[in-house]
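One letter stands for each residue in the lines below.
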Amino acid sequence: MTRTFFNRRDGELYVENLSVAEIARREGTPLFIYSQTALRVAYDALDKAFAAVPHTICFAIKSNMNLAVVRTLVERGAGIDVTSGGELFRALQAGADPQKIVYSGVGKTDGEVDEALDAGIRFFNLESRAELGCVNARAEARGVVANITFRVNPDVDPKTHPYISTGLKNSKFGIPITEAREAYAEAKTLNSVKVVGVDCHIGSQLTDAQPFHDALLRVRALVEDLRNAGHEIQYLDCGGGLGVVYNDEEPPSPKEYARAILDAVGDLGCEIVLEPGRWITANAGIMVAEVVYEKNNGGKTYTIVDGAMTDLLRPALYQAYQHIEPVGPARGEERLVDIVGPVCESGDFLAKERPFPPVEKGDLIAVFSAGAYGFSMSSNYNGRRRAAEVLVRDERYSVVRAREGYEDLIRGENLGEGLDEELAE
Ligand SMILES: *Cc1c(COP(=O)(O)O)cnc(C)c1O
């Protein structure tokens with residue numbers, strides 16, 4: 001997805017039919033603004049690309065967990081890919097159909113497995129044989145049968161950032177595809193799990209369709225083997241990972257992505273499950289921040305804004321490029337600046353050595369492609385209150401998460417006075 005729903009009118013940035021500056025002046029900064037239409041259009045494009053086969057699009061809720069965002073997708077028919085009990089809770093609160101929820105993640109605890117069993121999710125994507133034992137035992141204790149797949153690592157290099165590369169044989173995720181047959185054989189001996197499919201997720205922000213195709217050819221061979229061994233493989237979960245345009249990337253279109261997948265596995269008769277996150281949400285959102293100061297140190301210009309790594313971690317964590325523009329018309333010629341937040345870390349930057357027009361205190365800037373892994377990775381470090389989130393549809397907007405107050409920063413804490421009491425002899 002590109003930034004279709006963010007446009008300029010008379011030099012001013014608009015989201016759908018609303019002025020970004022007007023929303024930000026009313027709701028304050030830093031502020032996340034999402035376009036509901038962009039979310040719908042992205043979801044629908046992917047849905048349509050897979051129309052030829054039975055499929056479920058399980059939105060990776062970790063990319064954007066806001067209830068209103070999730071509800072928007074659920075109303076289009078989306079299922080949800082969750083990675084924790086907290087995400088399962090959010091998915092259910094947003095109205096997701098449990099029968100369309102899949103549960104991934106390497107460290108599901110007993111309590112989380114119980115919650116997912118009670119909710120009646122579609123299946124667990126198991127990431128180890130230890131986890132198989134756990135899910136079987138928890139299901140047995142509840143007198144139910146858990147549907148499972150194994151997440152296999154096809155050992156294909158997705159050619160993306162190492163931190164978001166997940167399908168290599170030595171990764172912490174899943175099980176090596178070479179050990180999958182044994183794992184499935186073990187599952188068959190257990191009474192409280194039922195094999196329903198195979199899962200793989202090779203990485204995130206893939207800008208080439210070939211690794212998806214290569215990975216799924218290996219998965220295909222596995223599916224054929226497993227069927228020969230008597231397993232029913234009803235679902236093929238192809239994970240997420242479709243890349244988006246942050247800068248000058250040229251990721252596959254939904255059609256090209258679908259072709260890469262369906263050419264490899266489209267004729268297996270499986271229902272295709274997809275777990276896209278970034279592709280649906282990244283370019284449906286921006287983060288707006290206000291310029292606090294500018295300063296020059298040792299020949300470098302720093303534009304200091306009130307949005308930070310605590311609001312948008314990707315630049316600090318992955319050296320990721322996020323496109324940034326002034327919300328209003330440019331005030332002059334671009335020069336090279338570092339756009340940084342106020343957090344006490346040198347890693348706290350939004351952009352480095354970036355050509356950017358001059359700004360004045362109080363000007364607003366928009367950080368694009370902030371709808372995925374933006375707010376959902378935010379924190380309270382440095383005593384920062386987390387930003388507000390706004391959802392826009394046409395000429396209307398709704399604050400779908402209130403800005404945190406100081407009281408939110410100390411919720412659940414106390415002064416430890418219990419330690420001061422005398423111990424009884
Ligand atoms: C993060 C993740 C996704 C979503 O990845 P995107 O790159 O946002 O599409 C899907 N599946 C699993 C298992 C994940 O960990």
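Remember, predicted model here, so these are calculated numbers, not experimental data.

Digging into the packing of helix 2 (residues 36–49) against helix 3 (residues 67–75)
Relative orientation of the contacting elements helix 2 and helix 3 amounts to 40°, with a least axis distance of 10 Å. Between helix 2 and helix 3, the angle falls in the class oblique. Read as a crossing pair, helix 2 and helix 3 show a hand that is right-handed. Residue-level inspection shows Q36, L39, R40 and Y43 of helix 2 in contact with helix 3, the latter providing V69, T72 and L73. The residue makeup of the contact of helix 2 with helix 3, split by class, is 4 nonpolar, 2 polar and 1 charged.

Brief notes about the packing of aromatic side chains
Scanning the model with the defined rule gives 8 aromatic pairs in all. Note on F6 and F368: the rings are 6.3 Å apart at their centroids and 90° apart in plane angle, and the pair reads as edge-to-face. You can see F6 sitting in strand 1 (residues 6–9) and its partner F368 sitting in the loop between strand 19 (364–367) and strand 20 (388–393), a full 362 residues away along the chain. For the pair shown, F6 and F368 are each scored as buried. Aromatic side chains F212 and Y257 sit 5.0 Å apart centroid to centroid with 75° between the ring planes, which places their arrangement in the edge-to-face category. Placement of the pair is F212 in helix 8 (residues 210–228) and Y257 in helix 9 (residues 254–265), with a sequence separation of 45 residues. On the basis of relative accessibility, which here comes to 3%, the residue F212 falls in the buried class. The structure contains a cluster of three or more aromatic residues connected by ring pairs, namely F32, Y34 and F375. Here the guanidinium or amino end of K108 rests over the ring plane of Y103, the centre of that ring lying 5.4 Å away. Here the guanidinium or amino end of K361 rests over the ring plane of Y293, the centre of that ring lying 4.8 Å away.

Considering the pairing of strand 13 (residues 271–274)
A regular strand places its side chains on the two faces of the sheet in alternate fashion. Along strand 13, one buried face is formed by E271 and V273 and the opposite face, lined by I272 and L274, is buried too. Pairing between strand 5 (residues 55–60) and strand 13: 3 bridges, direction parallel. Across the sheet, I57 pairs through a bridge with L274, a residue of strand 13. Pairing geometry for strand 12 (residues 235–237) and strand 13, over 3 bridges, is parallel. Bridge assignment links Y235 to a residue of strand 13, and that residue is E271. Running through helix 9, the crossover from strand 12 to the neighbouring parallel element strand 13 is right-handed.

Some points on the site of the ligand
Within the structure, the ligand sits among 15 residues, and K62, S204, E275, R278 and Y373 are positioned closest to it. Within the contact set of the ligand, a nitrogen atom lies 3.5 Å away from a side-chain nitrogen or oxygen of H201. A total of 390 Å² of accessible area belongs to the ligand in isolation, and the protein chains cover 94% of it. One can see that the ligand is located within the largest pocket. Broken down by class, the residue content of the shell around the ligand amounts to 3 nonpolar, 7 polar and 5 charged.

Some details on helix 6 (residues 129–142)
The end-to-end C-alpha separation of helix 6 is 20 Å, in line with the 20 Å expected for 14 residues at 1.5 Å each. Where helix 6 is concerned, the buried positions are E131, L132, C134, V135, N136 and A139. Lining the buried residues of helix 6 we find helix 5 (110–119), strand 8 (123–126), strand 9 (146–153), helix 7 (180–188) and strand 11 (193–199). Positive phi appears at G143, one or two residues downstream of helix 6, with a value of about 70°.

A closer look at the pattern of salt bridges
Under the criterion given, the structure shown has 25 salt bridges. Across the salt bridge formed by E271 and R122, the nearest N and O atoms sit 3.1 Å from each other. A residue pair is termed long-range when its members are at least 10 positions apart, and E271 in strand 13 and R122 in the loop between helix 5 and strand 8 qualify at 149 residues. Comparing E271 with R122, the two get one shared label, buried. Across the salt bridge formed by E294 and R335, the nearest N and O atoms sit 3.0 Å from each other. Of this pair, E294 sits in strand 14 (residues 285–297) while R335 sits in strand 17 (residues 335–340), and the two are 41 residues apart along the sequence. Accessibility expressed as a relative area gives 34% for E294, which makes it partly exposed. For R335, a relative accessible area of 25% translates into the label partly exposed. Through salt bridges with shared partners, a single network forms among D110, D114, D118, R138 and R142.

Procedures and definitions
- Each chain has its residues counted from 1, running along the sequence as written.
- In keeping with the predicted nature of the model, local features appear solely for residues at pLDDT of at least 70, side-chain atom pairs appear and are counted solely at 80 or more, and the whole-chain, interface and lining totals rest on all residues.
- By convention in this description, side-chain values take in all heavy atoms of the structure and omit both hydrogens and water.
- A fitted line through C-alpha atoms serves as each axis, taken over the contacting stretch for helices, and the angle formed by two N-to-C directions is quoted from 0 to 180°.
- Secondary structure counts use DSSP, requiring at least four H or I residues in a row for a helix and at least two E residues in a row for a strand, with both numbered from the N terminus.
- Oblique is the label for any angle not covered by the other classes, which are roughly parallel (under 35 degrees), roughly antiparallel (over 145) and roughly perpendicular (65 to 115).
- Handedness of a crossing follows from how the near helix is turned relative to the far one, being left-handed for an anticlockwise turn of less than a right angle and right-handed for a clockwise one.
- Only heavy atoms enter the contact rule, under which two residues are in contact if any of them lie within 4.5 Å.
- Gly is placed with the polar residues, together with every amino acid not listed as nonpolar (Ala, Val, Leu, Ile, Met, Phe, Trp, Tyr, Cys and Pro) or charged (Asp, Glu, Lys and Arg).
- The aromatic pairing rule takes the rings of Phe, Tyr and Trp, using the six-membered ring of Trp, and pairs them if the centres are within 6.5 Å, calling planes under 30 degrees apart stacked, those over 60 edge-to-face and the rest tilted.
- Any residue under 20% of the maximum accessible area for its type is buried, any over 50% is exposed, and the rest in between are partly exposed; the area is computed with a 1.4 Å probe on protein chains only.
- Lysine and arginine charges are scored as sitting over a ring when NZ or CZ, respectively, is within 6 Å of the ring centre and within 35 degrees of the ring normal.
- The criterion for strand pairing is that DSSP finds at least two bridges linking the strands in question.
- Handedness of a crossover is defined as follows: with both strands directed away from the viewer, a clockwise route from the first strand across the helix to the second makes it right-handed.
- Any residue with a heavy atom positioned within 4 Å of a molecule or strand is treated as near that molecule or strand.
- A 3.5 Å cut-off defines polar contacts: any pair of N or O atoms within that distance qualifies, except that in protein one atom must be a possible hydrogen donor and the other a possible acceptor, and neighbouring residues in sequence count only when both atoms are side-chain atoms.
- In short, Shrake-Rupley with a 1.4 Å probe defines the accessible areas, and a residue's cover is counted only from the protein chains shown.
- Buriedness for pockets is judged along seven lines, at least five of which must meet protein on both sides within 12 Å for an open set on the 1 Å grid over protein atoms alone, while cavities are sets there where a 1.4 Å probe fits but cannot get out, and lining residues have an atom within 4 Å of a point.
- Whether a molecule sits in a cavity or pocket is decided by its atoms, more than half of which must lie within 2 Å of the grid points.
- The length a helix should cover is 1.5 Å for every residue beyond the first.
- For salt bridges, the criterion is a side-chain nitrogen of Lys or Arg within 4 Å of an Asp or Glu carboxyl oxygen.

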